Structures are given as structure tokens and as C-alpha cells.
Amino acid sequence: MSRRSGTLIVKTSDFSLDVVLRDQLRALSTTDLAPVHIASGDHGRLAEVSRREGVQAHALPLSRDPSPAEDVRALLELIRLMRRLRPELVVYGTPKATLLAGIAAVCTRVPARVQVLHGLRLETTTGVARQLLLATERLALLLSTSTIAVSHGVRRRCAELGLPVADMTVLGSGSVVGIDTARARRLSADPAVRRRMRTALDAGPDELVVGYVGRITRDKGVEVLVRAVARARDHGLPIRLAMIGPDEGIDALDDDVRRLLAEPWVTCTGNVPDPAEYYTAFDAFCIPSFREGLSTVLLEAWAAGVPTIVSDCTGLGDVVDDRSTGMVVPVRDVVRTAAALEEVLGDAALRAALRERALRRVEDDFSREVVWARCAAFYRTARDNGRRRLGRRPPR
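Notes on the structure follow.

Reading the values: rules and limits
- Residues numbered from 1 in each chain as written.
- Predicted model: local features only at pLDDT ≥ 70, side-chain atom pairs only at ≥ 80, totals over all residues.
- Heavy atoms only, no water.
- Axes fitted to C-alpha atoms, helices over the stretch in contact; angles between N-to-C directions.
- Helix = DSSP H or I, 4+ residues; strand = E, 2+ residues; numbered from the N terminus.
- Parallel < 35°, antiparallel > 145°, perpendicular 65-115°, else oblique.
- Contact = heavy atoms within 4.5 Å.
- Nonpolar A, V, L, I, M, F, W, Y, C, P; charged D, E, K, R; others polar.
- Pairing = 2+ DSSP bridges.
- Salt bridge = Lys/Arg side-chain N within 4 Å of Asp/Glu carboxyl O.
- Buried < 20%, exposed > 50% of the residue type's maximum accessible area, 1.4 Å probe, protein only.
- 1 Å grid on protein atoms, 1.4 Å probe; cavity = no way out; pocket = protein on both sides within 12 Å on 5 of 7 lines; lining within 4 Å.
- Points joined across faces, edges and corners; volume = space filled by probe spheres on them.
- Right-handed = clockwise from strand over helix to strand, strands pointing away.
- Phe/Tyr/Trp six-rings, centres within 6.5 Å; stacked < 30°, edge-to-face > 60°.
- Lys NZ or Arg CZ within 6 Å of the ring centre and 35° of its normal.

### Re the packing of helix H13 (residues 334-346) against helix H14 (residues 348-365)
Running from amino to carboxyl end, H13 crosses H14 at an angle of 95°, the nearest separation of the two axes being 5 Å. Here H13 is positioned roughly perpendicular relative to H14, judged by the angle of their axes. Between H13 and H14, the contacting residues are Glu343, Val344, Leu345 and Gly346 on the first element and Ala348, Leu350, Arg351 and Leu354 on the second. Grouping the amino acids of the contact of H13 with H14 by side-chain chemistry returns 5 nonpolar, 1 polar and 2 charged.

Here is the structure:
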């Protein structure tokens, strides 16, 4: 039987591979963790990711929505894939991929199994659903030889919930993605880009653009955001709300919010392949989520020099220093969110201070070069520990 080698990265959707791991896959493939393989559901991006990153891709019958028959098929295909590839290391994130890849890796005796815990879906559930998700999180931790929590807040929350955290690590200040801070600086320094993106958002010369980037769904605090902007407009601020991201639940929002989203002062772009340029059009960025892990869009806004307003949920309130790197408001609080928007948009000195401190923080702690180096070092240690479990001596 051939010796184990290489790394397999599993995600539920090729969207995550395309956006979240852009360029990082190529960087990993140049290290001793190669060869790097990726596996996910194929929704039209997988082949392009494979070509761009120079890694081999494997399509799986995976989707976010519950589908017991397809999930069993995906599990069996993962088992066959891992038996064929014989990786030393499997890395998985997103809830469904974590569970299925973790089971498959145990069944095929992969020695190093790393879970990336991006957040806790159970935080916005109750009753039986919450208990089921808690049991699923516990199982995922047991299946994994080590876990990376994407923020210190997520690790603390796991401990509060009674989940085992002894093998859970936060890399540096958090994140496994990293931000292209050099590109963000170039874009934000170009007034032509700002003019072009404001035109794309139908923003008039005197309008203040409040931006949001992410899935448009209740758990992201979209109802709070829309109502807060409407309240600030009622107080006389000429705000345009720019919603950048896919519709994943507008029909489920409250009637008043759906009516407000149809107002002429709201621009919804739908999903965009690369939102980086849109940040240049924003005068403030607001993400009042009910739960997060560590919000990449928050870090992108910091890198673009956009002052931010966030809720105090896990993964936001513990990352942003209130009135230093951003404004922190209570989760689900429309009045306080509106007040923070009014204060930031009405105070140029405050905006400048928030921008300067946030930019320094993201460049020091979350630039992609820093984060990628931390990830590669952690994966290498996990792999070497796996070799020891197999009785193989890691190379010096």
C-alpha cells in the first residue's frame, strides 16, 4: 500500500473555496503540505478554482440544504476519495463538510484531522434544534485530532457551552483567511474607483453610503440594519444603504423590512464575485449580526479604511474595540445601531480615528501573509503529530 502524503481540504460549497481560500490554496501547494487536493459541492466554480490555484479538485454531491440521501452519497464518495488519495492531513470547515469529512477521515484512518470552526450556528436556535446542533458540534470535535477556532470569542463560547476545548487553538489574533491589505490600500487610495463604485450604487454626490456585505438573511441582523438606517434617515441624514450579497432569505424578513428594501434609497446588488471595490464607495460599514465566527467582511472594511459599526455578538464584539477600532452596539438593538450610525457619519474626526486604528490592527494581525504563515505552521504541526501517531518520524 502506498505511503500517505499530501493534504485534502473539504468544503460544502465551491463558493467557499473560490472566495475564502482564494490564493491561499496556491500558496499551500508550494509548501511541504503538497500535493493539495480540494473537494466540495460543484456549483459552477470548482473547475476554475482548480485551474487558478493549481490544485486538483474533486466534486461531491454536497449542498447547504438538508438532503439525507445526497449526504450519504457524499459520505461514501469521501470515503472512496480518501482511500484513493491517502492524505496525511484532512482540513474541513463549514458544518456539513465538517461532519461528513470527519467521519470519512476516521473511517479511512487519516492520522491528522483538522476542523476549522468558523462559528456556532446553534447560537441563534432554541429547544430541540439547539440541543441537536450542540451534539453535532461535540461529535465534530471528537472526530478531529485538532480544531482551529477562528476567534478567541468562539473558543470562549465553546467553553461556556461545555464543549471540549483542550485541543482547540486560535491562531494569533484569529482568522484562517487573511486580508489582501496591499490591494485594499491601492483601491481605497484611487478616487476614480470610488467615483465608479458610487455611480454603480446610484449614490448621489451628497449621499452618505452605509454598506453591508454578506448573505441577506435574518441571522446577519439585516432587519436591524434596515430599520436603523431608516431611523437615521428620519433624523435627517441623507443615507443610501448598499446591500452587497446574495438573497438567502429576503422573503422570510418582516413585512416592514421588505417594504423598506424596495425604497429608492436602497441598492441591492445581489451576489458579486469580488466585493473589494465596493468598500471604496462606503462612508460607513455596518454588520449587526446575531452570530459570527470572525467576520472576514469586517476585516475587509478595516483594510479599506471604512469606519465600522458592529453588534456585540460572538465573533464581532470580542474583535472590535469599542470606539477604538469601531463602534460596538448591543445585538438586535435598532435604536443604538441608528445612534452609532448617526454619530459616526456626523463626526469626521471620529471617522478618521476609527479608520486609522482599525487599519493598523488589520495590517498587524490579519494580513494574509501573516495569517497564511500561521495556518501552514499549524497544519504542518498537525501533520507531524499524525505521523507520530502512526509511528513515523517527522523530518527535521
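There is more to say, and it comes next.
### Side note on the sheet that holds strand S8 (residues 208-213)
With parallel pairing, the 6 strands of this open sheet are ordered in space as S10-S9-S8-S11-S12-S13. Bordering the open sheet on either side are strand S10 (266-270) and strand S13 (327-329), each of which pairs with just one other strand. On average, each strand axis in the sheet is inclined to that of its neighbour by 20°, with strand direction left out of account. As paired strands, S8 and strand S9 (residues 239-244) are joined by 6 bridges and run parallel to one another. Residue pairing for S9: Val209 is matched across the bridge by Arg240.

### Side note on the sheet that holds strand S5 (residues 112-117)
A sheet is described by the order of its strands in space; here 7 strands give the open sequence S3-S2-S1-S4-S5-S6-S7, paired in parallel fashion. The open sheet has two free edges, formed respectively by strand S3 (56-60) and strand S7 (168-169), since each of these has just one partner strand. Here strand S2 (residues 36-41) runs beside S3; their pairing, made up of 5 bridges, is parallel. When the sheet's bridge partners are listed, Ile38 is paired in S3 with Ala57. Taken strand by strand, helix H15 (residues 368-389) contacts strand S4 (89-93), S5, strand S6 (146-149) and S7, and its axis lies near 145° from that of S5.

### A word on the pattern of salt bridges
Per the stated rule, a full pass over the model turns up 35 salt bridges. For Glu207, the salt bridge identified is with Arg240, shortest N-O distance 3.1 Å. On the criterion of sequence distance, the pair formed by Glu207 in the loop between helix H9 (191-200) and S8 and Arg240 in strand S9 is long-range, its members being 33 residues apart. Asp219 is the partner of Arg291 in a salt bridge, and the nearest nitrogen-oxygen pair spans 3.6 Å. With Arg291 in the loop between strand S11 (284-287) and helix H12 (296-303) and Asp219 in the loop between S8 and helix H10 (222-234), this residue pair connects regions lying 72 residues apart in the sequence. When salt bridges with common partners are traced through the structure, they connect Asp32, Glu88, Arg380, Arg383, Asp384 and Arg387 into a single cluster.

### Thoughts on unusual backbone geometry
Cis rather than trans, the peptide bond between Ala34 and Pro35 has omega equal to 0°. Residue position: Pro35 is located in the loop between helix H2 (24-28) and S2. Residue Asp202 is not a glycine yet carries a positive backbone phi of 60°. With respect to the secondary-structure elements, Asp202 resides in the loop between H9 and S8. Judged by relative accessible area, which is 55%, Asp202 ranks as exposed.

### Section: the environment of Val150
Tracing the backbone shows Val150 in the loop between S6 and helix H7 (152-160). According to the relative accessible area criterion, Val150 is buried, its value standing at 4%. As for Val150 and Ala135, which are separated by 15 residues in sequence, their C-alpha atoms are 20 Å apart.

### Considerations on empty space enclosed by the protein
Inspection of every chain in the model, using the stated rule, returns 1 cavity of 30 Å³ or more. Of the pockets and cavities examined, the largest cavity occupies roughly 100 Å³. Of all elements in the fold, only strand S1 (7-13), H2, S4 and H15 reach the threshold of two or more residues within the lining of the largest cavity. If one sorts the elements of the lining of the largest cavity by residue count, S4 sits on top with 3 residues. Grouping the constituent residues of the lining of the largest cavity by class yields 9 nonpolar, 2 polar and 1 charged.

### As for the pairing of S6
Every second residue of S6 is oriented toward a common face, with Ser146 and Ile148 on one face and Thr147 and Ala149 on the other, all of them buried. In the classification by handedness, the crossover that spans S5, the intervening helix H6 (residues 127-143) and the parallel S6 is right-handed. Two strands pair when backbone bridges link them, and S6 and S7 are joined in this way by 2 bridges, in the parallel orientation. Bridging from a neighbouring strand, Ile148 pairs with Thr169 of S7.

### Concerning the packing of aromatic side chains
In this description, an aromatic ring pair is defined by two values, namely the gap between the centres and the angle between the planes. Following the criterion strictly, the structure yields 3 aromatic pairs and no others. Between the aromatic rings of Tyr279 and Phe285, the centroid separation amounts to 5.9 Å while the plane-to-plane angle is 45°, which identifies the pairing as tilted. For Tyr279, a relative accessible area of 2% translates into the label buried. Phe285 gets classed as buried once you look at its relative accessible area, which sits at 0%. Three or more aromatic residues joined by ring pairs form one cluster here, namely Tyr279, Phe282 and Phe285. For Arg332, the ring lying beneath its charged end belongs to Phe290, and the centroid distance is 3.8 Å.

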